[in-house]
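# Observations on chain architecture
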Amino acid sequence: MPENSFTYSIPYICFYFYLSIAFGYELKLRKNGQALYPIRFLVLLGFTFFLAFRGNVSSDWVSYYHFFEELPILSDGLSAIRSYSENLMFENGFSLYSSIIKTIVPNYYVWVVISTMIDLLILDRFFAENSRYYTLSFILFLSIGGVVMELNTYRNMKAFVLFLLSLKYVHEHRFFPYLLLNLIGMSFHTSSIIYIMLYPLWNSRFLIKWMIPIFVIGNILFLFQIRYLDVLLSVRGDWMQGIQRYFLYFTDAKSYNFSIGYVERITTYLLIYKNAELLLKSEKNIVYINAYILYFIFFFYFTEISVIVDRLPSLVVFSYWILYPYLVNSLCYKKSFCCRIFYLGILCFCFFKVTLTYQGFISKYENILFASPSALQREAWYQSMGRW
């Protein structure tokens, strides 16, 4: 089988069209002033079928399949679970949560269904409360980072959805509930510490005031490939040695150049800048604008260190899922022709992203409702393709 093929992305494209039809239905309901409960049901039903009942798809399932199969259950004792978790360098909260499920139903695929359903229910609530167009947010979730996170980063995803729940308290300026949810998130993945550190920034206009300098400097660094981090990391001193050792392996691991992705990011950035005042009519959007500016900074200021470019943007990718629906609403106000063009542009962009994102052989789709998955066969296929 080929390593990359359009055929691998066909199931994802079909699901994209399902969501696009649902989006059209949502627009009709909104126009008639009707409740969105039918849409929420259809979208969740579709994601449950497509995502929760997936088989062995993408790459990280290999690690988590073996993790779950060997995971001690509650009757083995908490010390056994903690020891197993520490040996794998997994967070204890994630291992305990997984052990509880395994104790009740010792089946890896049931664990995946339950875990995915928890994530989907939290996303449903988050989009229903914060997005201008519920279904469009789920289309963007499929197209830009969300489904990839769900398929691969099981621990990160739990910490991430707990952070999404905590954003309610950012909007209400309540730090302690925000802190509590993200401390729980840290027990699933330590990346949640970044969310805790970012709390003072979310409701601040500091980054928004500096959007143009951030944009200009970021483009200069990116386009001219100015390696300023090399200079910073070469500074001598005992306190720098740990940072130097960590980043040494990752520095210059990839080359980031002018691409369609570059055009998309600067276009999105400029759209947000131009429409910032309209977006800020909803006070919640200050959080999402700040999140997108951070997304831009992670990409444009840290191309020398691929570990940052590969991992940190996923922490704030939710900004796309909320801001694009608000941009649609802002640009469509009393401009029906522009509205149609923008709708078409976003949907074409999402189609393009889905096609490219899921064309690798590891994305070859399977569903446990139609065929019994074989983890060993799939893993052997991966090995034959040179993946492991």
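Look up: the structure comes first, before these words.
Residues numbered from 1 in each chain as written. Predicted model: local features only at pLDDT ≥ 70, side-chain atom pairs only at ≥ 80, totals over all residues. Heavy atoms only, no water.

On to the pattern of salt bridges, then. Scanning all chains against the criterion turns up 6 salt bridges. Close ionic contact of Arg 174 with Glu 172 constitutes a salt bridge, the shortest N to O distance being 3.0 Å. By relative accessible area, Arg 174 is classed as partly exposed at 42%. The exposure class of Glu 172 is partly exposed, given its relative accessible area of 37%. (Salt bridge = Lys/Arg side-chain N within 4 Å of Asp/Glu carboxyl O. Buried < 20%, exposed > 50% of the residue type's maximum accessible area, 1.4 Å probe, protein only.)

Attention now moves to a nonpolar patch on the surface. A surface patch of nonpolar side chains, amounting to about 630 Å² of accessible area, comprises Ile 212, Val 216, Ile 220, Leu 223, Phe 224, Ile 226 and Tyr 273. Considering each element in turn, the nonpolar patch owes the most residues, 4 residues, to helix H14 (residues 211–223). With respect to the helices, strands and loops of the structure, Ile 226 is situated in the loop between H14 and helix H15 (228–233). According to the relative accessible area criterion, Ile 226 is partly exposed, its value standing at 39%. (Patch = residues over 30% accessible without salt bridge, like charges linked within 9 Å, V, L, I, M, F, W, Y side chains within 5 Å. Areas by Shrake-Rupley, 256 points an atom, 1.4 Å probe, with all protein chains shown as cover. Helix = DSSP H or I, 4+ residues; strand = E, 2+ residues; numbered from the N terminus.)

Turning our attention to the nonpolar core. Note that soluble globular proteins tend to have their nonpolar side chains buried in a common cluster. Counting residues in hydrophobic clusters, the biggest one holds 125 residues, and the most contacted among them are Phe 47, Trp 111, Phe 141, Trp 202, Phe 318 and Trp 321. Ranked by residue count, the leading element in this core is helix H19 (residues 285–301), at 15 residues. Setting aside its immediate chain neighbours within four residues, Phe 47 contacts Phe 15, Leu 19, Ala 52, Leu 120, Phe 138, Phe 141 and Val 147. (Core = buried A, V, L, I, M, F, W, Y, C linked by side-chain atoms within 4.5 Å. Contact = heavy atoms within 4.5 Å.)

Here we take up helix H4 (residues 78–88). Listed as buried for H4 are Ile 81, Tyr 84 and Ser 85. Around the axis of H4, the buried residues are gathered within 100° of arc, so they sit on the same side. On its buried face, H4 sits against helix H3 (61–70) and helix H5 (92–104). One or two residues past the end of H4 sits Met 89, with phi positive at roughly 60°. (Arc of directions from axis to C-beta.)

Bringing unusual backbone geometry into the picture now. Phi is positive for Met 89, which is not a glycine, with a value near 60°. Looking at the element boundaries, Met 89 is found in the loop between H4 and H5. Phi at His 173 takes a positive value of approximately 60°, unusual for a residue other than glycine. Along the chain, the position of His 173 falls in the loop between helix H9 (154–171) and helix H10 (175–186). Owing to a relative accessible area of 57%, His 173 belongs among the exposed residues under this scheme.

A word on the packing of H5 against helix H6 (residues 108–130). Geometry of a packed helix pair, given as the angle between the helix axes and the separation of the axes. With their axes 10 Å apart at the nearest point, H5 and H6 run at an angle of 120° to one another. Judged on the interaxial angle alone, H6 and H5 are oblique. Seen from above, H5 lies across H6 with right-handed handedness. Facing Phe 94, Tyr 97, Ser 98 and Ile 101 of H5, the residues of H6 in contact are Trp 111, Ile 114, Ser 115 and Ile 118. Here the residues of the contact of H5 with H6 sort into 6 nonpolar, 2 polar and no charged. (Axes fitted to C-alpha atoms, helices over the stretch in contact; angles between N-to-C directions. Parallel < 35°, antiparallel > 145°, perpendicular 65-115°, else oblique. Left-handed = near helix turned anticlockwise from the far one by under 90°. Nonpolar A, V, L, I, M, F, W, Y, C, P; charged D, E, K, R; others polar.)

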